[in-house]
Amino acid sequence: MALQLRKSTHESIVYIDNDSAPRIMPSGEDFILEDIPVGTRVLYPNPPLKGLPNREAAIRYAVNHPFDCDPLYAQLKPGMKVTIAVDDISLPLPPMATPDIRQTMLEVVLDLLAANAVDDVHIIIANSLHRKMTPWEMKRMVGQKIYDEFYPDRYYNHDAEWKEGLIKIGETRHKEPLVLNRRAAESDLLIYCNINFVPMDGGHKSVAVGLCDYESLRAHHDPQTIRESDSYMDPARSELANKCIRLGKIVDKELNVFHIETAINNRMYKGDMDFLLKNEDDFTAFDRMKFEAMRYTMSKLPRPARRKLLHSRPAHYEMTACYAGKTEPVHAKIIEKGFQQYAIPVRGQCDILITGIPDISPYNVYSILNPLLVQVMGLGYHFNFYRNKPLLKKGGVMIVHHPCYDEFDHNFHPSYIEFFNRLLPESRDAFYLRDKYEREFANNPSYVEMYRRGNAYHGAHPFFMWYWGENGRQHVGKVIAAGAENAHVPAMLGWERADNLTEAVAMARNIMGNSAEITMLHQPMIGIADME
Amino acid sequence: MAAAAFYDLEGTLVSTNLVHTLGFYARNQPDLFRSVRKSATTLLSVPLFAVSDQYSRKVFNDLFFKRYKGESEDRMRFFADELFETVLKPAVFPGAFELIDKSRSLGLRQVVVTGALEVSVKPLMDYLCIDEWVANRLEFVKGVATGRLLPPVLASATKASWIRTYAEREGINLSESFAYSDSMSDLPMLSIVGHPAAVNPDFRLRQTALHHDWPILNLK
């Protein structure tokens, strides 16, 4: 009876009982079927909000009815210098079906610019210290027409290491420098086109982080800031967001920024994979058949082929809101809309948190989820998907399900390899690593060249990934990697390993007791536990 | 303790190789007949050079530098500037300047260790602002090349050996030093520093770099 009562708390919260179906968990490139202990609370993402029927019209309406500034058309003068900055490939995940929302935003904005005789227009991808996007990815993001017209001279990636292409804008009273892309900073108007995928995105972070250099970034991408962000998915309690706002004040003072932000729903899968978003108890025979067919097919493929297959499936996100104008009011509205999609009211922390780690993160699109990224997904993103207080009790056990293979992408993540193999055996202390090695990696000429001329993440990026897990590391008592195919990767990360989920739960119960409350995040979990 | 960045030259910082230089000198003989003959011989020898280079850099050097036999030293020095302007300067990879600048800004000493000929690379070193460099030297008797190289012949292990001697003499910490090369033949040189990197690598070096998790750069 108690279980029956608990079942009805929220449509996104399901309690496992004796006749519950096994749950599907992503584990790298695999989807496994696991019997979850009775009494486990499973959090599902909220059902997708209905997308706007005509997103082009919504964007057009937003730029014509902005917050706290004149409409875009009223700000345009013939001959003026305009730069449009757009988010990079790190969101949404996986890359969405074409046309991408950024393409639609650009089409609306470019039409308006052309109609007002504004010819001096550059489009810059605000990739910050992320890898530069490849020409193919750039074309896919904006469509053939815009690509042909602007690439490569007027459509390119931001380069945080091109000294001549950067300019110092100012410094906060906390001595945080702000160096930005020169073209963007010296334009008469900077238009930022954003997609808000998680609450950490957008707002002042877009310009102040997306278009900055390494020295500016390291002022807030540090372990202390992350420790003080409770969580970084909750802008109101995020020190990272506070610091971005401080920098954003300088941006607003020195630059004329017109911000266009969009919110999307969480419809990651559609059609043949939509069952992954459903409660397994509600599966139809057809859903089960689709799952078994997928599992059978995947089992016949080698891992690189499975990865390729999963990365080649676009997501079907729909735009749920678009606002434009000054950064802060626009972002506030978008965050409100975002939480409408993501927030799941949850009462009570758990002792053991289970989460499967899927094959994709913001940092490995079309690439490998290497051990550092497994760490950032577990202790970073999944741990931080909460508001008010963590879903997991202090000192609780987190079980992540992933093979933890020791594989890295040499083109995208070269400095990660050195970080993992050379630094982690020496120390896992984020402060020590930052003080002793971060600048060395950031200035390594090989990594700088690979970032600038290739498609590598910046040399300092693995450090930021390590810091990203810092508040999780401080909070969680133990992490157990279930399904890890080797012992050394979990050991290097400071984790324990278990062959499977059953063993991991038994190990966790040994620590937390047999009556430990267990919660599982049902992936893909694009949601925020809104803790009471 | 100081550190340095050691570069191979041809294929690494510039797109040309030893054959381009030989071809240039072959084209610029004192008379047309010799120019045609030398150019044709050089062209026909390319497959032989390629095979011997795959087999052994020492065998390649023995075969290759014989082609300079009979060249006058004066003439080679006279044409060095033209060689630089017409062949080497346009062949410098765009990323080479950035790599050297970044490396220099870290206080690393910039050293080029090349198997190319000393007479032909000096203007290029000036252009790249490289003060410290070492290259192969042809043996001249009475101002005429014998087709042999003076020791030490810089190739493969001798490059590494030269770097070790240099580091000892100059107080360079090799563990903190960098090395860049495009060719598998420079594996010894890459192996003795703490930060090796493959630059525009050939297939074999690419595989080795992947195996050892070395960075792979593309300066093109």
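What you see is a predicted model; the values in this text were computed from it and never measured.

Asks: What's the story with the overall build of chain A in this structure? I'm lost.
Replies: Of regular secondary structure, chain A possesses 22 helices and 20 strands. Relative to the 2.2 N^0.38 estimate, which gives 24 Å for 532 residues, the radius of gyration of chain A is 23 Å and therefore close to what a compact globule would have. By the burial criterion, 56% of the 532 residues in chain A qualify as buried. Considering only contacts within chain A whose residues lie at least 6 apart along the sequence, 79% involve residues at least 24 apart.

Asks: Is there a simple way to think about the overall build of chain B in this case?
Replies: Within chain B, the regular secondary structure consists of nine helices and seven strands. For chain B, buried positions account for 43% of its 220 residues. Here the contacts in chain B between residues at least 6 apart in sequence split such that 57% fall between residues at least 24 apart.

Asks: Sorry if this is basic, but what is going on with the sheet that holds strand β3 (residues 132-141) of chain B here?
Replies: The pairing of strands in a sheet comes from backbone hydrogen bonds and takes either a parallel or an antiparallel form. All names here are of chain B. Strand order in the open sheet formed by seven strands is β4-β3-β2-β1-β5-β6-β7, and the pairing between neighbours is mixed. Two strands lie at the open edges of the sheet, namely β4 (144-150) and β7 (216-217), each paired on one side alone. Running at roughly 145° to strand β2 (residues 109-117), helix α6 (residues 118-127) makes contact with β2 and β3 of the sheet.

Asks: Sorry if this is basic, but what is going on with the domain arrangement of chain A here?
Replies: Where interface size is quoted, it is often the accessible area lost as the parts come together. All names here are of chain A. For chain A, the assigned domains read domain 1 (2-48 + 343-531) and domain 2 (57-264). The interface is formed by 30 residues belonging to domain 1 together with 28 residues belonging to domain 2. No other element matches helix α17 (residues 430-443), which puts five residues into the side of domain 1 that touches domain 2. Residues belonging to the side of domain 1 that touches domain 2 are distributed by class as follows: 19 nonpolar, six polar and five charged.

Asks: Sorry, what's going on with the interface of chain B and chain A here?
Replies: The interface of chain B with chain A comprises 17 residues on the first partner and 14 residues on the second. Listing elements by their share of the side of chain B that touches chain A, those giving two or more residues are α5 (94-105), β6 (195-199) and β7 of chain B. Top element by residues in the side of chain B that touches chain A is α5(B). It accounts for five residues.

Asks: When you look at the nonpolar core in this model, what are you seeing that I'm missing?
Replies: Within the largest apolar cluster, 224 residues are counted, with the highest numbers of intra-cluster contacts made by I84(A), A85(A), I191(A), I260(A), I399(A), I480(A) and F6(B). Per element, the largest residue contribution to this core is eight residues, and it comes from helix α15 (residues 371-384) of chain A. Each of two domains, domain 1 (2-48 + 343-531) and domain 2 (57-264) of chain A, supplies a minimum of three residues to this core.

Asks: Explain the pairing of β4(B) here, please?
Replies: Within a regular strand, side chains alternate between the sheet's two faces. All names here are of chain B. Here four bridges tie β3 to β4, and the two strands are oriented antiparallel to one another. When the sheet's bridge partners are listed, L138 is paired in β4 with L149. If you look at the hairpin formed by β3 and β4, you'll find two residues sitting between the two strands, and K142 has a positive phi there, around 55°.

Asks: I keep staring at the confidence of the model for chain B and nothing clicks. Help me out?
Replies: Caution applies to low-pLDDT parts of the model: their predicted coordinates are not meant to be read in detail. Taken residue by residue, chain B gives an average pLDDT of 89. The fraction at 70 or more is 100%. Both confidence scores are given for the complex: pTM 0.92, ipTM 0.84.

Asks: How should I be thinking about the packing of helix α2 (residues 32-55) of chain B against helix α3 (residues 57-65) of chain B in this particular structure?
Replies: How two helices pack is summed up by the angle between their axes together with the distance between the axes. All names here are of chain B. For the pair α2 and α3, the least separation of the axes is 6 Å and the interaxial angle reads 150°. As judged from the angle between their axes, α2 and α3 are roughly antiparallel. Residues L48, F49, S52, D53 and Y55 of α2 pack against R57, V59, F60, L63 and F64 of α3. Looking at the contact of α2 with α3 residue by residue, the classes come out as seven nonpolar, one polar and two charged.

Asks: Explain unusual backbone geometry here, please?
Replies: With glycine set apart, most residues show a phi of negative sign, and most peptide bonds adopt trans. All names here are of chain A. The residue after L91, namely P92, is reached through a cis peptide bond having omega -10°. Position of P92 relative to the elements: it lies in the loop between β5 (81-86) and α4 (101-115). Phi is positive for S128, close to 50°, though the residue is something other than glycine. Counting through the fold element by element, S128 comes out in the loop between β6 (120-125) and α5 (135-142). On the basis of neighbour count, S128 is assigned to the buried category, with 26 C-beta atoms found within 10 Å.

Asks: Looking at this structure, how should I read the packing of helix α18 (residues 445-453) of chain A against α5(B)?
Replies: Running from N to C, α18(A) and α5(B) point in directions that differ by 145°, and their axes come no closer than 9 Å. α18(A) and α5(B) meet at a crossing whose hand is right-handed. Only G95(B), E98(B), L99(B), K102(B) and S103(B) of α5(B) make contact with α18(A), whose side of the interface consists of P445(A), V448(A), E449(A), R452(A) and R453(A). Looking at the contact of α18(A) with α5(B), its residues break down into three nonpolar, two polar and five charged.

Asks: Is there a simple way to think about α5(B) in this case?
Replies: An α-helix turns once per 3.6 residues; consequently, residues spaced three or four apart project the same way. Every buried residue of α5(B) is accounted for by G95(B), A96(B), L99(B), I100(B), K102(B) and S103(B). Buried residues of α5(B), seen end-on, are gathered within an arc of 165° and therefore sit on one face of the element. With respect to the buried face of α5(B), the exposed residues turned more than 90 degrees away are P94(B) and S105(B). Buried residues belonging to α5(B) abut α18 of chain A together with β1 (4-7), β2 and β5 (178-181) of chain B. After α5(B) finishes, the residue G107(B) shows a positive phi value of roughly 85°.

Asks: Looking at this structure, how should I read the sheet that holds strand β15 (residues 386-387) of chain A?
Replies: Residues and elements named next belong to chain A. If you walk across this open sheet you meet the three strands as β13-β20-β15, and the pairing is parallel. Because the sheet does not close on itself, it has two edges, and the strands there are β13 (343-346) and β15. Looking at chain direction, β13 and strand β20 (residues 528-531) are connected through four bridges and run parallel. Opposite A343, over in β20, you have I528 as the bridge partner.

Asks: What am I meant to see in the environment of D213(A) here?
Replies: Residue and element names in this part refer to chain A. One can find D213 in the loop between α8 (204-210) and α9 (214-218). Each C-alpha atom, one on D213 and one on E161, is 6.8 Å from the other, the two residues being 52 residues apart in sequence. Setting aside residues up to four positions removed in sequence, D213 forms contacts with A160, L166 and V179.

Asks: Would you mind showing me how to read the pairing of strand β10 (residues 189-196) of chain A here?
Replies: All names here are of chain A. Within β10, eight of the eight residues are buried, which leaves it mostly tucked inside the rest of the structure. Where burial is concerned, the two faces of β10 agree: the one with L189, I191, C193 and I195 and the one with L190, Y192, N194 and N196 are both buried. Note: β10 against strand β11 (residues 257-264), seven bridges, orientation parallel. When the sheet's bridge partners are listed, Y192 is paired in β11 with H259.

Asks: Any chance you could explain the environment of D131(B) here in plain terms?
Replies: Among the secondary structure elements, D131(B) is positioned in the loop between α6 and β3. Residue classification places D131(B) among the exposed residues on the basis of 11 C-beta atoms within 10 Å.

Criteria and cut-off values
- Here, residues in each chain are numbered from 1, in the same order as that chain's written sequence.
- Both sets of labels track the order of writing: A upward for chains, 1 upward for ligands.
- Two thresholds apply to this predicted model, a pLDDT of at least 70 for residue-level local features and 80 or more for giving and counting side-chain atom pairs, whereas whole-chain, interface and lining totals are computed over all residues.
- A helix here means a DSSP run of H or I that spans at least four residues, while a strand means a run of E at least two residues long, and both kinds are numbered starting from the N terminus.
- Put simply, the radius of gyration uses C-alpha atoms, and a globule should come to 2.2 Å times the residue count raised to 0.38.
- Exposed residues have 12 or fewer other C-beta atoms within 10 Å of their own C-beta, buried residues have 20 or more, and partly exposed residues fall in between, where C-beta atoms are placed from the backbone.
- Distance between backbone-placed C-beta atoms decides contact: two residues are in contact if it is within 7 Å.
- The rule for pairing is simple: two strands pair if DSSP sees at least two bridges between them.
- Axis definition: a line fitted to C-alpha atoms, limited for helices to the stretch in contact. Angles are taken between N-to-C directions and run from 0 to 180 degrees.
- Where each domain begins and ends follows an automated or database-derived domain assignment.
- Residues were grouped as follows: Ala, Val, Leu, Ile, Met, Phe, Trp, Tyr, Cys and Pro as nonpolar; Asp, Glu, Lys and Arg as charged; and all remaining residues, including Gly, as polar.
- What makes a nonpolar core is a set of buried Ala, Val, Leu, Ile, Met, Phe, Trp, Tyr and Cys residues, with links drawn between C-beta atoms within 7 Å.
- As a per-residue quantity, pLDDT reports the predictor's confidence and falls between 0 and 100.
- Roughly parallel covers angles under 35 degrees, roughly antiparallel covers those over 145, roughly perpendicular covers 65 to 115, and oblique covers all other angles.
- When the near helix sits turned anticlockwise from the far one by under a right angle, the crossing is termed left-handed; a clockwise turn instead gives a right-handed crossing.
- Comment: arc refers to directions from the helix axis out to C-beta atoms.

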